[in-house]
Amino acid sequence: MDLKRNKREQILEKATELFFARGVADVSMDDIAAAVPAAKMTIYKYFQSKDRLVGAVMERYVREQHEIMNRKIEESPDTLSALASILDYQNMPVVPERFIRESLELYPQIIADLLHYYREHMHDQLRDLIVRGQEEGVIRKELSPHILMVYMQGVTEFFARPDVLARFHDLRLLGEQFRTMFLYGIAAPNDWSAQP
């Protein structure tokens, strides 16, 4: 059983490297099989199709980001610092823009599944973090946590559309702009100057 898991992880690791280096469209299952090395049928045994392999790469990345988010929440001295750290796109693991753009364009169902994961596993956790920040006095109390989460979800889903993303050339700058607007918008007035 451990050997099977190890081979699956090797395939996932090599597929991630290739997708990130060359983009999804330019990588074939033969390329991945040669990189592992493994028979192409072995890859199909674990992932059934390239679509599923791309989905597994994306799901793994999102789960890793969720683990990083949990660690940042635990390590941060207060809620506003935790949110600032979670939204710090400059210090996140780099995912090439080409991979993001091609995934959005070529695999809309995978993106829909990832947005569902966010709603199911991270949405309530972030809302609770906002409530905690309001109780600490670092997030404006007149803002509805529910409305803030609707706003964050709306922004996330809006930028998950390939036609929208095509208008922006620097995704890190886009993320940084969103972070700044969001944090300065929710910070209690006496915490504005303390924003990172």
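The model shown is predicted, which means the values in this text are computed figures rather than measured ones.

Conventions adopted
- Residues numbered from 1 in each chain as written.
- Predicted model: local features only at pLDDT ≥ 70, side-chain atom pairs only at ≥ 80, totals over all residues.
- Heavy atoms only, no water.
- Helix = DSSP H or I, 4+ residues; strand = E, 2+ residues; numbered from the N terminus.
- Buried < 20%, exposed > 50% of the residue type's maximum accessible area, 1.4 Å probe, protein only.
- Contact = heavy atoms within 4.5 Å.
- Areas by Shrake-Rupley, 256 points an atom, 1.4 Å probe, with all protein chains shown as cover.
- Lys, Arg positive; Asp, Glu negative; His and termini not counted.
- Charge placed at Lys NZ, Arg CZ, Asp CG, Glu CD.
- Core = buried A, V, L, I, M, F, W, Y, C linked by side-chain atoms within 4.5 Å.
- Expected span 1.5 Å × (residues − 1).
- Arc of directions from axis to C-beta.
- Polar contact = N/O pair within 3.5 Å; in protein donor to acceptor, adjacent residues only side chain to side chain.
- Phe/Tyr/Trp six-rings, centres within 6.5 Å; stacked < 30°, edge-to-face > 60°.

## Observations concerning the overall build of the protein
Counting its regular elements, the protein contains 10 helices and zero strands. Start at the N end of the protein and walk to the C end: the helices and strands fall as α-α-α-α-α-α-α-α-α-α. Taken over the C-alpha atoms alone, the protein extends approximately 60 × 40 × 25 Å along its principal axes. Looking at the 196 residues of the protein, the share that counts as buried comes to 43%. Counting only contacts in the protein whose residues sit at least 6 apart along the sequence, the fraction spanning at least 24 positions is 73%. Surface summary for the protein: the accessible area is close to 11,000 Å², and the carbon and sulfur share equals 55%. Both charge centroids of the protein, one from 25 positive and one from 30 negative side chains, sit 5 Å from each other.

## A word on the nonpolar core
Counting residues in each nonpolar core, the largest one holds 58 residues, and the members touching the most others are Phe19, Ile32, Leu53, Leu126 and Phe182. In terms of residue count, helix H7 (residues 108-136) provides more of this core than any other element does, 10 residues in total. Not counting the four nearest positions on each side in its chain, isoleucine 32 is found in contact with Ile11, Ala15, Leu18, Phe19, Val27, Ile43 and Leu53.

## Let's talk about helix H8 (residues 145-159)
Between its first and last C-alpha, H8 extends 21 Å over 15 residues, near the 21 Å set by a 1.5 Å rise per residue. Three or more residues of H8 are buried, namely Pro145, Leu148, Met149, Met152, Gln153 and Val155. In a view along the axis of H8, the buried residues occupy a sector of 160°, so they form one face of it. Away from the buried face of H8 by more than 90 degrees, exposed residues His146 and Ile147 are located. Where the residues of H8 are buried, they touch H7 and helix H10 (171-186).

## Quick notes on the side chain of histidine 66
Examined against the element boundaries, histidine 66 turns out to sit in helix H4 (residues 50-75). Side-chain polar atoms of histidine 66 contact the side chain of glutamine 125, separated by 2.9 Å.

## Overview of the environment of phenylalanine 182
Structurally, the position occupied by phenylalanine 182 is in helix H10. Phenylalanine 182 gets classed as buried once you look at its relative accessible area, which sits at 3%. In the structure, phenylalanine 182 is positioned 99 residues away from leucine 83 in sequence and 9.7 Å away in space, judged by C-alpha atoms.

## Description of the environment of glutamate 135
With respect to the element layout, glutamate 135 can be found in helix H7. As for glutamate 135 and alanine 25, which are separated by 110 residues in sequence, their C-alpha atoms are 48 Å apart.

## Brief notes about the packing of aromatic side chains
Scanning the entire structure with this criterion turns up seven aromatic pairs. Ring geometry for phenylalanine 19 versus phenylalanine 99: centroids 6.3 Å apart, planes at 20°, classification stacked. You can see phenylalanine 19 sitting in helix H1 (residues 2-22) and its partner phenylalanine 99 sitting in helix H6 (residues 97-106), a full 80 residues away along the chain. Judged by relative accessible area, phenylalanine 99 falls into the buried class, the value being 2%. Between the aromatic rings of tyrosine 151 and phenylalanine 182, the centroid separation amounts to 6.3 Å while the plane-to-plane angle is 5°, which identifies the pairing as stacked. Of this pair, tyrosine 151 sits in helix H8 while phenylalanine 182 is found in helix H10, placing the two residues 31 residues apart along the sequence. Members of the aromatic cluster, joined through ring pairs, are Phe19, Phe20 and Phe99.

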